[in-house]
Amino acid sequence: QVQLVESGGGLVQPGGSLTLSCAASGFTFNNYAMSWYHQAPGKGREFVAGITSVGGTTNYAEFVKGRFTISRDNAEKMVYLQMNDLKAEDTAVYYCKATQRGVPLARAYTYWGQGTQVTVSS
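Below, the structure is looked at part by part. (Residues numbered from 1 in each chain as written. Predicted model: local features only at pLDDT ≥ 70, side-chain atom pairs only at ≥ 80, totals over all residues. Heavy atoms only, no water.)

This part is about the packing of aromatic side chains. On inspection of all chains with the given rule, the structure shows seven aromatic pairs. Ring centres of Tyr37 and Phe47 lie 5.6 Å apart, and the angle between their planes is 80°; on these two criteria the pair is classed as edge-to-face. One end of the pair, Tyr37, is in strand S4 (residues 32-39); the other, Phe47, is in strand S5 (residues 46-51), and ten residues separate them in sequence. Given the relative accessible area of 16%, Tyr37 is considered buried. Taking the relative accessible area as the measure of exposure, Phe47 reaches 25% and is therefore partly exposed. (Phe/Tyr/Trp six-rings, centres within 6.5 Å; stacked < 30°, edge-to-face > 60°. Helix = DSSP H or I, 4+ residues; strand = E, 2+ residues; numbered from the N terminus. Buried < 20%, exposed > 50% of the residue type's maximum accessible area, 1.4 Å probe, protein only.)

Let's shift gears to the side chain of Glu6. In this fold, Glu6 is placed in strand S1 (residues 3-7). Buried Glu6, no salt bridge; nearest opposite-charge side chain is Arg45, N-O distance 7.4 Å. Of note is the side chain of Glu6, whose polar atom sits 2.9 Å from the backbone nitrogen of Gln114. A polar side-chain atom of Glu6 sits 2.9 Å from the main-chain amide nitrogen of Gly115. When near neighbours in sequence (up to four residues on either side) are disregarded, Glu6 contacts Ser21, Cys22, Trp36, Tyr94, Tyr95, Cys96, Gly113, Gln114, Gly115 and Thr116. (Lys, Arg positive; Asp, Glu negative; His and termini not counted. Salt bridge = Lys/Arg side-chain N within 4 Å of Asp/Glu carboxyl O. Polar contact = N/O pair within 3.5 Å; in protein donor to acceptor, adjacent residues only side chain to side chain. Contact = heavy atoms within 4.5 Å.)

A separate point is the state of the cysteines. Here a disulfide denotes a covalent bond joining the sulfur atom of one cysteine to the sulfur atom of another. One pass over the full model with this rule turns up one disulfide. In this model Cys22 forms its disulfide with Cys96; the gap between the sulfur atoms is 2.1 Å. Residues Cys22 and Cys96 are joined through a disulfide that is left-handed, its torsion about the S-S bond being -85°. On the criterion of sequence distance, the pair formed by Cys22 in strand S3 (residues 18-25) and Cys96 in strand S9 (residues 92-100) is long-range, its members being 74 residues apart. This pair shows no difference in class: Cys22 is buried, exactly as Cys96 is. (Disulfide = S-S within 2.5 Å.)

Let us look at the pattern of salt bridges. In total, this model carries two salt bridges according to the counting rule given. A salt bridge links Glu62 to Lys65; the nearest nitrogen and oxygen atoms lie 2.7 Å apart. Classification of Glu62 by relative accessible area gives exposed; the value is 61%. Between Asp90 and Arg67 there is a salt bridge whose closest N-O contact spans 2.8 Å. With Asp90 in the loop between strand S8 (78-83) and S9 and Arg67 in the loop between strand S6 (58-60) and strand S7 (68-73), this pair connects stretches of sequence that are 23 residues apart. Judged on exposure class, the residue Asp90 and its partner Arg67 are both buried.

And the structure:
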């Protein structure tokens, strides 16, 4: 069975740091690009950061550049999001996403985790 399980969310003060983890199982992790999305209250799900299947290229939303770092460990089938200098606007549920590569994007398998809550507040 395919699983993506996020962890590491919690309550942090503005300016603080937090690291999110996503553990993958049930699929060929090395053939999937990984990404993080978030969804704030009353808003749609929004792209945060992405990383290619072998970790050679990363991409970030403008609002997190210089603050967040995405990484992956293919041997351990893990993806991480290191979040620094957190702001109140970062408060959201954060979701891990896997996207199959090597096939047309329109037909690629996509998997989502259940999400983990990040709350930035004093």
